[in-house]
Amino acid sequence: MVTLLSVSSTDNEIQKEGIFMKAAIYHAAHEQLSIEDVEIDEPQGFELIVRTAASGVCHSDLHFVDGFYFMPGPAVLGHEAAGVVESVGPLVTEVKPGDHVIACLSIYCGKCERCLVGETHLCGNKPVRDPDSNPGLLWEGKGVRQFAGLGSYAEKMLLHENAVVKIEKDMPLQQAALIGCGVTTGVGAALKTANVQAGSTVVVFGAGGVGLSAIQGARIAGARTIIAVDRIEHKLATARELGATHSVDASTEDAVQKVQELTGGGADYAFECVGLKVLAEQCWAAIRPGGTATVVGMIPQGEMVEIPGPEFLREKKIQGSSMGSNHFKVDMPVYIDFYKRGLLRLDEMITQTAPLSEVNDRLRAMRDGEVARSVLLFD
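All residue numbers refer to positions counted from 1 along the written sequence of the respective chain. Side-chain atom pairs in this predicted model are given and counted only at pLDDT of 80 or more, local residue features only at pLDDT of at least 70, and totals for whole chains, interfaces and linings cover all residues. With hydrogens and water excluded, all non-hydrogen atoms of the structure serve as input to the side-chain values.

Student: How should I be thinking about the pairing of strand S7 (residues 100-103) in this particular structure?
Tutor: It is a general feature of regular strands that their side chains alternate between the two faces of the sheet. Remark: exposure states derive from per-residue accessible area (1.4 Å probe, protein chains only) relative to the maximum for the residue type, with buried under 20%, exposed over 50%, and partly exposed in between. Going along the chain from the N terminus, every DSSP run of H or I of four or more residues is numbered as a helix, and every run of E of two or more is numbered as a strand. Side chains His-100 and Ile-102 of S7 all project onto a buried face; the interleaved residues Val-101 and Ala-103 project onto the opposite face, where all are buried too. Note: strand S6 (residues 80-88) against S7, three bridges, orientation antiparallel. Paired with Val-84 across the bridge in S7 is His-100. Two strands make a pair as long as DSSP finds a minimum of two bridges between them.

Student: Looking at this model, I keep getting lost on the pairing of strand S16 (residues 267-272). Mind explaining?
Tutor: The buried fraction of S16 is high, at six of six residues. Pairing of strand S13 (residues 201-205) with S16, which is carried by four bridges, proceeds in the parallel orientation. Bridge pairing in S16 places Val-202 opposite Tyr-269. Here S16 runs beside strand S17 (residues 287-295); their pairing, made up of five bridges, is parallel. Note that in S17 the partner of Ala-270 across the bridge is Ala-293. Read as a crossover between parallel neighbours, the route from S16 over helix H7 (residues 277-285) to S17 is right-handed. By convention a crossover is right-handed if, when the strands point away from the viewer, the path from the first strand over the helix to the second runs clockwise.

Student: Explain the packing of aromatic side chains here, please?
Tutor: Think of a pair of aromatic rings as described by two things: how far the centres are apart, and how the planes are tilted against each other in angle. Between 30 and 60 degrees the pair is tilted, below 30 it is stacked and above 60 it is edge-to-face, where a pair is any two Phe, Tyr or Trp rings, Trp via its six-membered ring, whose centres lie within 6.5 Å. The full count for this structure, using the stated rule, is five aromatic pairs. Ring centres of Phe-64 and Tyr-69 lie 5.7 Å apart, and the angle between their planes is 45°; on these two criteria the pair is classed as tilted. Taken together, a centroid distance of 4.9 Å and an interplanar angle of 65° make the contact between Phe-64 and Phe-147 edge-to-face. Of this pair, Phe-64 sits in helix H1 (residues 59-65) while Phe-147 sits in the loop between strand S10 (145-146) and strand S11 (156-160), and the two are 83 residues apart along the sequence.

Student: Quick question: what am I supposed to make of the sheet that holds S13 here?
Tutor: Pairing between sheet strands relies on hydrogen bonds along the backbone, with the strands arranged either parallel or antiparallel. What the six strands build is an open sheet, ordered S15-S14-S13-S16-S17-S18; its pairing is parallel. Each having just a single partner strand, strand S15 (246-249) and strand S18 (317-320) make up the two edges of the open sheet. In this sheet, adjacent strand axes meet at a mean angle of 15° when their direction is disregarded. Pairing analysis gives five bridges linking S13 to strand S14 (residues 225-230), with the strands arranged parallel. Bridge assignment links Val-202 to a residue of S14, and that residue is Ile-226. Contacts from helix H6 (residues 255-263) reach S13, S14, S15, S16 and S17 within the one sheet, and its direction differs from that of S14 by about 170°. For helices, the fitted axis covers only the stretch in contact; all axes are lines through C-alpha atoms, and the angles between them, taken along N-to-C directions, range from 0 to 180 degrees. Contacts are assigned to residue pairs that have any heavy atoms within 4.5 Å of one another.

Student: Looking at this structure, how should I read the confidence of the model for the protein chain?
Tutor: If pLDDT is low for a region, its predicted coordinates should not be looked at in detail. Per-residue confidence from the prediction method is given by pLDDT, with values spanning 0 to 100. Looking at the protein chain as a whole, the pLDDT averages 93, with 95% of positions reaching at least 70. Counting interchain partners and residues more than four positions distant, the pLDDT-below-50 stretch residues 1-16 has 26 contacts.

Student: Looking at this model, I keep getting lost on helix H4 (residues 209-221). Mind explaining?
Tutor: Residues three or four positions apart in an α-helix share a direction because the helix packs 3.6 residues into each turn. Given a rise of 1.5 Å per residue, 13 residues ought to cover 18 Å, and the 18 Å separating the end C-alpha atoms of H4 matches this to within 8%. Burial of H4 is extensive: 11 of the 13 residues sit out of reach of the surface. When we look at burial in H4, the residues that qualify are Gly-209, Val-210, Gly-211, Leu-212, Ser-213, Ala-214, Ile-215, Gln-216, Gly-217, Ala-218 and Ala-221. On the buried face of H4, the contacting elements are helix H3 (173-193), S13, S14 and helix H5 (233-242). Note on H4: the residue one or two positions beyond its end, Gly-222, has a positive phi of about 95°. By this rule, a helix spans an expected 1.5 Å times one less than how many residues it contains.

Student: Please clarify how the nonpolar core should be interpreted in this entry.
Tutor: Note on terminology: a nonpolar core comprises buried Ala, Val, Leu, Ile, Met, Phe, Trp, Tyr and Cys residues joined through side-chain atoms within 4.5 Å. Counting residues in each nonpolar core, the largest one holds 75 residues, and the members touching the most others are Ile-102, Ile-179, Val-196 and Phe-271. Of all the elements, H3 adds the most residues to this core, at 10 residues. Those residues in contact with Ile-179 that sit more than four places away from it in its chain are Ile-102, Met-171, Thr-184, Met-332, Tyr-335, Ile-336 and Leu-346. Judged by nonpolar contacts, the second largest core, of 35 residues, contains Met-21, Val-38, Met-71 and Leu-158.

Quick look at the structure:
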C-alpha cells in the first residue's frame, strides 16, 4: 500500500491522488476474480478504514460468482472479515486507529422504522457510499462496489461506523473473521431466530460454515438430539465433532425419512443452511406437527419453495432468517465469550488458509465441497 503524489505541470502544486491497495475484482458472473490495484478514498463523516487481517470465503459470495444472484461489476466481494482500524472520519466516536474490529454486513442507519423497533438487521436504509455518485473505491477510473457494503477481498475496507464492532485484542483475528457472517448467521438462527429450546430435537441441512454454526447454536441451547444432513462424509465428521449427535449421508439415505425415524415423527426445529429449493422443502417435511422450519441459506433468485398447503393445519411453521436476527454489536462479543469459554469451537471450522491471490481456488474448493471454511489471510 502506497500513497501516490503527482506534480502539476502548470504550477508545481503537489496533489494527493489516493491510497492504493490490492483487491480481488468481480467483473461478471461465471468469470474469475482478478487481483487489481484499487484506489481507496480517505474516510469521511462516520467512515473508517480497516486494514483487513482475515476474510472468510462464504457461500454468499459464490452465489454471485455462479450467477444465482445478480450484481453489476466491477465490485469487491467478501463480507466475513476482521481487521485493524487504520484511520477514522471526523464523526467516528466508537473506534480509533489501532482498535481490532469485526465487520458485519448488517449495517444500520439507526433511524428507519425497522431500526427504531429493534430490528437493525432488517434496516432498509443502510448508510453506505453510492459507487456511482461518490465512489469510495476506484479502479481504472470507475467506481467499484463493495459487496454488502464491505468488500473484504481486499487489503483495506472503507466502512461505516455502524458496520463494525470493537473487540478485545486477545481474540485471534482469523477466528474473529468467521463471527462476521457464518457464525453469527448460524448460531443466531438457532439461538435468536428459532429460539431453540433445551431438550428439543434439531436437524440441520448442510454442514458448511453456516450449518456447523447452527449445530453449535443448537448444542449451546441444550438440544438433546442434533442431526446433521450432508452429502460429504468429512463434513459430517466435523459436524459430529462440533455437536451433532447423529448424521445422515443424503447421498445414500432418504434424509427426511431418516430424520422422522430418529426423532419419532419429525424434529422440533429444522434449518436449511445451503440455499437450495429442494433442501428448504425437505426442511419443512422433516419437522413434526407444530415444528418450525427456518430457511437460512440464500435460495436463488426466481426460485419458488413449494410446500403442501394442508400441512399448515398441523400448525407447522416456516420462516426466514437474516444474519441470525442479530444485534451484532452486542451479539458478537457474546459469541467471542462463548469461544473463549470453549462453548463455540471456531478453530475446527477453518479447513484451510490462503493468501488473497488464491481466492479463485478457494471459491472452487467451496463449490466442490472440499472445505468447511477457507480463510484468506493478509499481511
